[in-house]
Amino acid sequence: MELEKQIQTDLVAAMKAHETVRLAALRGIKAAILLAKTSEGGNGEVTDADIVKIIRKLVKQRKESAEIYSGQNRQDLAENELAEAAAMEVYLPRQLEEAELREILKGIIAETGASKPSDMGKVMGVATKRLAGQADGKLVSTLVKELLA
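Residues numbered from 1 in each chain as written. Predicted model: local features only at pLDDT ≥ 70, side-chain atom pairs only at ≥ 80, totals over all residues. Heavy atoms only, no water.

Looking at an unreviewed UniProt entry, one finds the protein named GatB/YqeY domain-containing protein and attributed to Candidatus Cryptobacteroides excrementipullorum.

Given below as C-alpha cells:
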C-alpha cells in the first residue's frame, strides 16, 4: 500500500509541475492498479508486490512499443514510450548487474549440481524463484545457457 500512496503523491506533484510524460506514465500505473483492484476474482486490494509486477508489465509493454515504433521510423513515438518507461522504472527495485547475476547463477548451478545444457530446467526453476524481480528473465535464461554450455 505504501507504493500506491507514493504513486498518488507523485501523480499530484506531476500535475502541479506540468510534467506531461511523467503524468502520463503515472496515470497508466494508476489505471492498471485500479483495474487490478476491480478485476473479477480480486479482493479490492493490491500489495506492493502486485504493484511492482504491474509496473514491470507496463514497462515491458512500453519498451516493446518503442521497438515497433523505431522499426516503423516513428522516433517521436518511440522516444515518448521510452520516456514513460523510464518514469515507471523509478518505482521498481534495483536490477542486478550482469556480473552480479553471473556469480549468483554460478552458485545456483553448483547448488543444483547441474553440469550440462539439459539441466537448464532445474537451474531456471531455482533461479526464477530466487531472482524474482531482480533480473530480466531473458537475461537469466541467456546466462544459464552460456554457463551450462
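There's plenty left to go through after this.
Colleague: Residue-level account of the environment of L92, with values.
Modeller: Considering the arrangement of structural elements, one finds L92 in the loop between α4 (75-89) and α5 (98-112). A relative accessible area of 17% means that L92 is categorised as buried. Residues L92 and E79, 13 residues apart in the sequence, show an inter-C-alpha distance of 20 Å. Contacts of L92, omitting those with residues within four sequence positions, involve V52, I55, R56 and V59. (Helix = DSSP H or I, 4+ residues; strand = E, 2+ residues; numbered from the N terminus. Buried < 20%, exposed > 50% of the residue type's maximum accessible area, 1.4 Å probe, protein only. Contact = heavy atoms within 4.5 Å.)

Colleague: Could you give an account of the nonpolar core, naming the residues involved and the relevant values?
Modeller: Counting residues in each nonpolar core, the largest one holds 22 residues, and the members touching the most others are I7, I29 and I55. The set of elements that each furnish at least two residues to this core consists of α1 (2-17), α2 (20-38), α3 (48-71) and α4. Not counting residues up to four positions away in its chain, the partners in contact with I29 are I7, I55, L58, M88 and Y91. Counting 16 residues, the second largest nonpolar core, distinct from the first, contains A114, M124, A135 and L148. (Core = buried A, V, L, I, M, F, W, Y, C linked by side-chain atoms within 4.5 Å.)

Colleague: Explain the packing of α5 against helix α7 (residues 137-148) to me, using residue names and the numbers behind them.
Modeller: Relative orientation of the contacting elements α5 and α7 amounts to 55°, with a least axis distance of 10 Å. Classified by the angle their axes make, α5 and α7 are oblique. Between α5 and α7 lies a crossing of right-handed hand. For the pair α5 and α7, the contacting residues are E98, L101, R102, L105, K106 and I109 in the first and L139, V140, L143, V144, E146, L147 and L148 in the second. Residues that form the contact of α5 with α7 fall into these classes: 9 nonpolar, no polar and 4 charged. (Axes fitted to C-alpha atoms, helices over the stretch in contact; angles between N-to-C directions. Parallel < 35°, antiparallel > 145°, perpendicular 65-115°, else oblique. Left-handed = near helix turned anticlockwise from the far one by under 90°. Nonpolar A, V, L, I, M, F, W, Y, C, P; charged D, E, K, R; others polar.)

Colleague: Got a sec to walk through the side chain of D10? Specific residues and values, please.
Modeller: Mapping D10 onto the fold places it in helix α1. With relative accessibility at 13%, the residue D10 sits in the buried group. Dropping the residues within four chain positions of it, D10 is found in contact with R22, L26 and Y91.

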